[in-house]
Amino acid sequence: MSSDRVIELLEKAYVDEMETVMNYQTNAIVLDGVRAEEIKDSLQQDIQEELTHAEQLGQRLKQLDARPPGSAEFTARQDSLQPPEDSTNVISVIRGVLDAEEDAIETYRELIDAAEDAGDPVTEDLAVTILADEEAHRTEFRGFEKEYQDE
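Residues numbered from 1 in each chain as written. Predicted model: local features only at pLDDT ≥ 70, side-chain atom pairs only at ≥ 80, totals over all residues. Heavy atoms only, no water.

Draft legend 1. Representation of the overall build of the protein chain within the structure. Helix and strand content of the protein chain: four helices and zero strands. When its helices and strands are written in sequence order, the protein chain yields α-α-α-α. Its C-alpha radius of gyration of 16 Å places the protein chain within 12% of the 15 Å reference for a compact globule of 151 residues. Burial status across the protein chain gives 44% buried among its 151 residues. Counted over contacts in the protein chain with a minimum sequence separation of 6, partners at least 24 positions apart contribute 80%. Of the roughly 8,000 Å² of accessible surface on the protein chain, a fraction of 48% belongs to carbon and sulfur atoms. Of the side chains in the protein chain, 13 bear a positive and 39 a negative charge, and the two mean positions are spaced by 2 Å. (Helix = DSSP H or I, 4+ residues; strand = E, 2+ residues; numbered from the N terminus. Rg over C-alpha atoms; globule rule 2.2 N^0.38 Å. Buried < 20%, exposed > 50% of the residue type's maximum accessible area, 1.4 Å probe, protein only. Contact = heavy atoms within 4.5 Å. Areas by Shrake-Rupley, 256 points an atom, 1.4 Å probe, with all protein chains shown as cover. Lys, Arg positive; Asp, Glu negative; His and termini not counted. Charge placed at Lys NZ, Arg CZ, Asp CG, Glu CD.)

Structure (structure tokens):
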């Protein structure tokens with residue numbers, strides 16, 4: 001049986017994944033310039049993975065007799081991932097992605113601990129799997145950040 005903390009973290013992770021999808025999509029559309037193409041392609045690929053995460057989290061909430069939050073329960077928090085005024089400011093998007101990934105990693109680590117404490121190995125396993133994906137995204141965007149800083 002899962003705890004209220006597990007449900008709360010699953011809901012937070014679900015909302016965060018949905019917000020990330022919106023911001024990745026927007027940034028993939030608005031970024032301009034030759035240097036932006038690789039970032040836009042990466043964001044487009046990550047959108048599908050983030051949607052899958054949201055679906056998995058929503059399904060887990062349903063299995064625990066809860067439900068994923070709707071848009072009326074949503075509060076945007078990813079300020080650093082908003083599209084830049086200058087559509088060629090790729091580094092601001094890279095740093096926004098890194099902020100979002102760090103937040104996701106922290107949430108999934110908390111969820112792993114909460115699920116373990118609650119004796120919920122299914123949620124724990126799901127969080128471990130998604131955590132690995134988020135850490136891979138972070139590594140990819142750290143590489144992008146290093147490339148842009150070195151120029």
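Draft legend 2. Here's a closer look at the packing of aromatic side chains. The full count for this structure, using the stated rule, is one aromatic pair. Ring plane angle 85° and centroid distance 5.0 Å describe the contact between phenylalanine 141 and phenylalanine 144, whose orientation is recorded as edge-to-face. One end of the pair is phenylalanine 141 and the other is phenylalanine 144, both in helix α4 (residues 121–149) and three residues apart, which spans about a single turn. (Phe/Tyr/Trp six-rings, centres within 6.5 Å; stacked < 30°, edge-to-face > 60°.)

Draft legend 3. Spatial organisation of α4. Compared with the 42 Å implied by 1.5 Å per residue over 29 residues, the 41 Å span of α4 between its first and last C-alpha is a close match. For α4, the full list of buried residues reads Thr123, Leu126, Ala127, Ile130, Leu131, Glu134, His137, Arg138, Phe141, Phe144, Glu145 and Tyr148. Those residues of α4 hidden inside the fold are in contact with α1 (4–30), α2 (37–63) and α3 (90–117). (Expected span 1.5 Å × (residues − 1).)

Draft legend 4. Fine view of the environment of aspartate 117. Along the chain, aspartate 117 falls in helix α3. The spatial distance from the C-alpha of aspartate 117 to the C-alpha of arginine 5 is 9.9 Å, given a sequence separation of 112 residues.

Draft legend 5. Geometry of the nonpolar core. Judged by nonpolar contacts, the single largest core of 23 residues is most densely connected at Val6, Leu10, Leu57, Tyr108 and Leu111. With residues near it in sequence (within four places) discarded, tyrosine 108 still touches Ala13, Glu17, Leu57, Ala127, Ile130, Leu131 and Glu134. (Core = buried A, V, L, I, M, F, W, Y, C linked by side-chain atoms within 4.5 Å.)

Interpretation note: all reported values are geometric properties and have no functional meaning in isolation.
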